[in-house]
2 protein chains.
Amino acid sequence: MEKIAVWGFRWAPPFAQGLVRDLRVRWALEEAGLAYESRLIGIEERTSDAYRRMHPFAMVPVLESGGETVIESGAIVHSIAEDCEVLMPAGRRTETLAWMFVALNTVEPPVQNLSAMDLLHKEEEWAKLRRPGAVDAVKVRLSVLSERLDGRDYLLGRFTAADILMTTVLRLIRHTDLVAGFSVVDAYVKRCEARPAFQKALRDQMADYAGNAPVAA
Amino acid sequence: MEKIAVWGFRWAPPFAQGLVRDLRVRWALEEAGLAYESRLIGIEERTSDAYRRMHPFAMVPVLESGGETVIESGAIVHSIAEDCEVLMPAGRRTETLAWMFVALNTVEPPVQNLSAMDLLHKEEEWAKLRRPGAVDAVKVRLSVLSERLDGRDYLLGRFTAADILMTTVLRLIRHTDLVAGFSVVDAYVKRCEARPAFQKALRDQMADYAGNAPVAA
């Protein structure tokens, strides 16, 4: 097979390091034991015609594999998981995909909403007024997750691709103590982050950033 | 095969009628030519222990089929599409799923954000302050969609399950003139909504609500 390539950013500011979505893909590839190389672009290059031919929304990640490109972290992780028993048990494919959608369509929106509010709009009046409601919306999701994970090590009992998405979603609010407030969820995130494949993926993403850090003026 | 059942709400207030997510599933089943029955719950019944054993987040829809239940509209539509060439062409499965994730993870969050702001928080100060920014975020997505759909009848050229999700996402802002501002996208939504399967699904969802409308005091 042609070498797999994953597109990510050349560099990200410290508040975003470890949160950019190519981490999901790197982690899935590590769990699957698939070698890959990273391809890096600058924030401004994303909107070039060349990149947008590959990704209309000018986002990362993109997966290149066997001459095909795949966009959307959920779809990319699914494409890796489909051929990998570690990520998607043969008898539980629909259930795994359902929990992947739970992560990205039920949990991520309120989490991402709060994250953007805190990291990008902190000083704006609307964000100050809205923050308590946004926090409550996150807590509603964390509360259900806590019940789900009580007595389970992972969302489906055993580790699957859904845990990759859920963990990387919950990391978006690492600047808050919200996850820490739900001890079962907190232990779950730490359990997932302790996996060697996650550690390797994060290390490699950080190494790419370190090698491309802007020179201080 | 055991009869397929789709869980939805017994009734929804007029502003939400035609937007509740079991519509996605009904539409997919109609496109696939699969008979189903609707099972309806009241808003308050969602949080009953019985319902939450089926759906931890107490949401609709849930699909019941062959003794299995599936949650998350994206996963349910995928499970229907997997066996249906109309919804997911054999050679383009990864691409179809990628555009399903585009609809639910890239387009829906800003659209849903604006929708919730207008329909649930209209009178709140934060919503008034934030609305212009939320509108801009939606326009960024609509602009890319417009380019994508220019010269294409559907997201992948031909109709797929991704169009079901994208259309039902864009309907969430039917109370605005945002989609109308992008004529290519507007024509696309109308093209999708004109499909007999959509019309049938909507009619049946409306009939369920009409049959269960609260009696005026």
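All values derive from a computational prediction rather than experimental measurement.

Procedures and definitions
Every chain is numbered on its own, with residues counted from 1 as its sequence reads. Chain letters and ligand numbers both follow the written order, the letters beginning at A and the numbers at 1. For a predicted model such as this one, the threshold for reporting local features is a pLDDT of at least 70, and the threshold for listing and counting side-chain atom pairs is 80 or more; totals across whole chains, interfaces and linings nevertheless cover every residue. With hydrogens and water excluded, all non-hydrogen atoms of the structure serve as input to the side-chain values. Under the scheme used here, helices are H or I runs from DSSP no shorter than 4 residues and strands are E runs no shorter than 2 residues, and both carry numbers assigned from the N terminus. C-alpha atoms define the radius of gyration in this analysis, and the globule rule sets the expected value at 2.2 Å times the number of residues to the power 0.38. Relative accessibility under 20% of the residue-type maximum defines a buried residue, over 50% an exposed one, and the middle range a partly exposed one, all with a 1.4 Å probe and only protein chains included. Here, two residues are considered to be in contact whenever any of their heavy atoms come within 4.5 Å of each other. Accessible surface area values rest on a Shrake-Rupley calculation with a 1.4 Å probe, where residue burial reflects the displayed protein chains alone. Charge assignment in this entry is limited to Lys and Arg as positive and Asp and Glu as negative, and neither His nor the chain termini are counted. Note that the charge is assigned to NZ on lysines, CZ on arginines, CG on aspartates and CD on glutamates. Throughout, the accessible surface (probe 1.4 Å) given up by two parts as they are put together, summed over both, is called the buried area. For salt bridges, the criterion is a side-chain nitrogen of Lys or Arg within 4 Å of an Asp or Glu carboxyl oxygen. For Phe, Tyr and Trp, where Trp contributes only its six-membered ring, two rings pair if their centres lie within 6.5 Å, and the inter-plane angle classes them as stacked under 30 degrees, edge-to-face over 60, or tilted in between. Counted as over-ring charges are cases with an Arg CZ or a Lys NZ within 6 Å of the ring centre that also lie within 35 degrees of the ring normal. Here the rule is simple: two strands pair whenever DSSP picks up at least two bridges between them. All axes here are fitted lines through C-alpha atoms, helices being fitted over the stretch that makes contact, and every angle between N-to-C directions spans 0 to 180 degrees. Copy-to-copy alignment: least squares on C-alpha atoms, limited to residues at pLDDT 70 or above in both. Counting of polar contacts relies on pairs of N or O atoms within 3.5 Å, with two restrictions inside protein: one atom must be capable of donating a hydrogen and the other of accepting it, and residues adjacent in sequence are counted only when both atoms are side-chain atoms. Per the annotation, domain bounds derive from an automatic or database assignment of domains. UniProt positions are given in the numbering used here, feature names are shortened, and annotations may be inferred rather than shown by experiment.

Student: Kindly report on the overall build of chain A, identifying the contributing residues and their values.
Tutor: A count of helices and strands for chain A gives 8 helices and 4 strands. Secondary structure elements of chain A, listed N to C terminal, follow the sequence β-α-β-α-β-β-α-α-α-α-α-α. Radius of gyration (C-alpha) of chain A: 17 Å, near the 17 Å computed for a compact globule of 217 residues. Dimensions of chain A along its principal axes, counting C-alpha atoms only, are 50 × 45 × 30 Å. Across the 217 residues that make up chain A, the buried fraction comes to 56%. Partitioning the contacts of chain A with sequence separation of at least 6, the portion at a separation of at least 24 is 72%. Within the structure as shown, chain A displays about 9,200 Å² of accessible surface, and the carbon and sulfur contribution to it stands at 52%. Both charge centroids of chain A, one from 27 positive and one from 30 negative side chains, sit 2 Å from each other.

Student: Requested: an account of the interface of chain A and chain B, with residues and values cited.
Tutor: Tallying the contact residues gives 35 residues for chain A and 35 residues for chain B. Carbon and sulfur atoms supply 69% of the area that chain A and chain B bury against each other, a total of about 3,200 Å² over both sides. When the area that chain A buries against chain B is broken down by residue, the three leading residues are Phe57(A), Phe101(A) and Asn105(A), summing to 22%. At the surface where chain A touches chain B, the tally comes to 2 salt bridges. With a closest N to O distance of 3.1 Å, Glu147(A) and Arg52(B) form a salt bridge. When residues in the side of chain A that touches chain B are grouped by element, the largest group, 12 residues, is from helix 4 (residues 93-120) of chain A.

Student: Describe in detail the packing of aromatic side chains, supporting the description with residues and values.
Tutor: What the rule picks out here adds up to 11 aromatic pairs over all chains. A ring pair is formed by Phe57(A) and Trp99(B), whose centres lie 6.3 Å apart and whose planes are at 50°; its orientation type is tilted. Here Phe57(A), found in the loop between helix 2 (49-54) and strand 3 (62-65), pairs with Trp99(B), found in helix 4 (residues 93-120), and the two come from separate chains. Both residues of the pair, Phe57(A) and Trp99(B), belong to the buried class. By way of ring pairs, the aromatic residues Trp27(A), Tyr154(A), Phe159(A) and Phe198(A) are connected into one cluster. For Arg195(A), the ring lying beneath its charged end belongs to Phe159(A), and the centroid distance is 3.5 Å.

Student: Hey, could you go over the sheet that holds strand 2 (residues 36-41) of chain B for me, with residue numbers and the actual values?
Tutor: Residue and element names in this part refer to chain B. Pairing in this open sheet of 4 strands is mixed, and the strands run 2-1-3-4 from one edge to the other. Edge strands, defined here as strands with exactly one partner in the open sheet, are strand 2 and strand 4 (68-71). Going across the sheet, the axis of each strand differs from the next one's by a mean of 25°, ignoring polarity. Relative to strand 3 (residues 62-65), strand 1 (residues 4-9) is paired through 2 bridges, and the arrangement is antiparallel. Along strand 3, the bridge assignment pairs Ala5 with Glu64. The strands touched by helix 1 (residues 22-32) within the sheet are strand 1, strand 2 and strand 3, with strand 1 carrying the most contacts at an inclination of about 150°.

Student: If you had to explain the relation of the copies chain A and chain B to someone new, which residues and values would you point to?
Tutor: Both copies of the chain are related by a screw-like operation: a rotation about an axis and a shift along it. Mapping chain A onto chain B calls for a screw motion: a turn of 180° about the axis and a shift of 0.0 Å along it, with 0.0 Å RMSD after fitting. Accordingly, the operation relating the two chain copies is best matched by a two-fold axis. For chain A, the minimum C-alpha distance to the rotation axis belongs to Trp126(A) and amounts to 2.1 Å.

Student: I'd like a rundown of the environment of Arg24(A), residues and numbers included.
Tutor: Relative to the helices and strands, Arg24(A) is located in helix 1 (residues 22-32). Classification of Arg24(A) as buried rests on a relative accessible area of 2%. Each C-alpha atom, one on Arg24(A) and one on His121(A), is 25 Å from the other, the two residues being 97 residues apart in sequence. Excluding its chain neighbours within four sequence positions, the residues that come into contact with Arg24(A) are Ser73(A), Val77(A), Leu104(A), Glu108(A), Ile164(A), Leu165(A), Thr168(A), Val169(A) and Asn105(B). Side chain to side chain, Arg24(A) and Ser73(A) meet in a polar contact 2.8 Å long.

Student: So what about the sheet that holds strand 2 (residues 36-41) of chain A? Which residues, and what values?
Tutor: All names here are of chain A. The mixed open sheet is built from 4 strands, whose spatial order is 2-1-3-4. Unpaired on one side and paired on the other, strand 2 and strand 4 (68-71) mark the two borders of the sheet. Direction aside, neighbouring strands of the sheet carry axes that sit 25° apart on average. For strand 3 and strand 4, the ladder comprises 4 bridges, and the chain directions are antiparallel. Across the sheet, residue Ser65 finds its bridge partner in strand 4, namely Glu68. Against the sheet, helix 3 (residues 73-81) makes contact with strand 3 and strand 4, and its axis sits at roughly 130° relative to strand 4, the strand it touches most.

Student: So what about the side chain of His78(B)? Which residues, and what values?
Tutor: Secondary-structure assignment places His78(B) in helix 3 (residues 73-81). With a relative accessible area of 6%, His78(B) lands in the buried category. The contact partners of His78(B), leaving out residues within four places of it in the chain, are Leu97(A), Met88(B), Leu97(B) and Met100(B).

Student: Please provide a residue-by-residue account of the domain arrangement of chain A, values included.
Tutor: All names here are of chain A. For chain A, the domain assignment lists domain 1 (4-86 + 197-211) and domain 2 (90-195). The interface is formed by 23 residues belonging to domain 1 together with 26 residues belonging to domain 2. Between domain 1 and domain 2 the total buried area reaches about 2,000 Å² when both faces are included, carbon and sulfur atoms providing 57% of it. Ranking the residues of domain 1 by area buried against domain 2 places Leu19, Arg24 and Trp27 at the top, with a combined share of 32%. Remark: the boundary between domain 1 and domain 2 carries 3 salt bridges.

Student: I'd love a proper account of the UniProt feature "domain: GST N-terminal" (unreviewed entry) in chain A, names of residues and values included.
Tutor: In this structure's numbering, the residues bearing the UniProt feature "domain: GST N-terminal" (unreviewed entry) are residues 24-88 of chain A. For residues 24-88 of chain A, the helix share is 37%, the strand share is 22%, and the end-to-end C-alpha distance is 15 Å.

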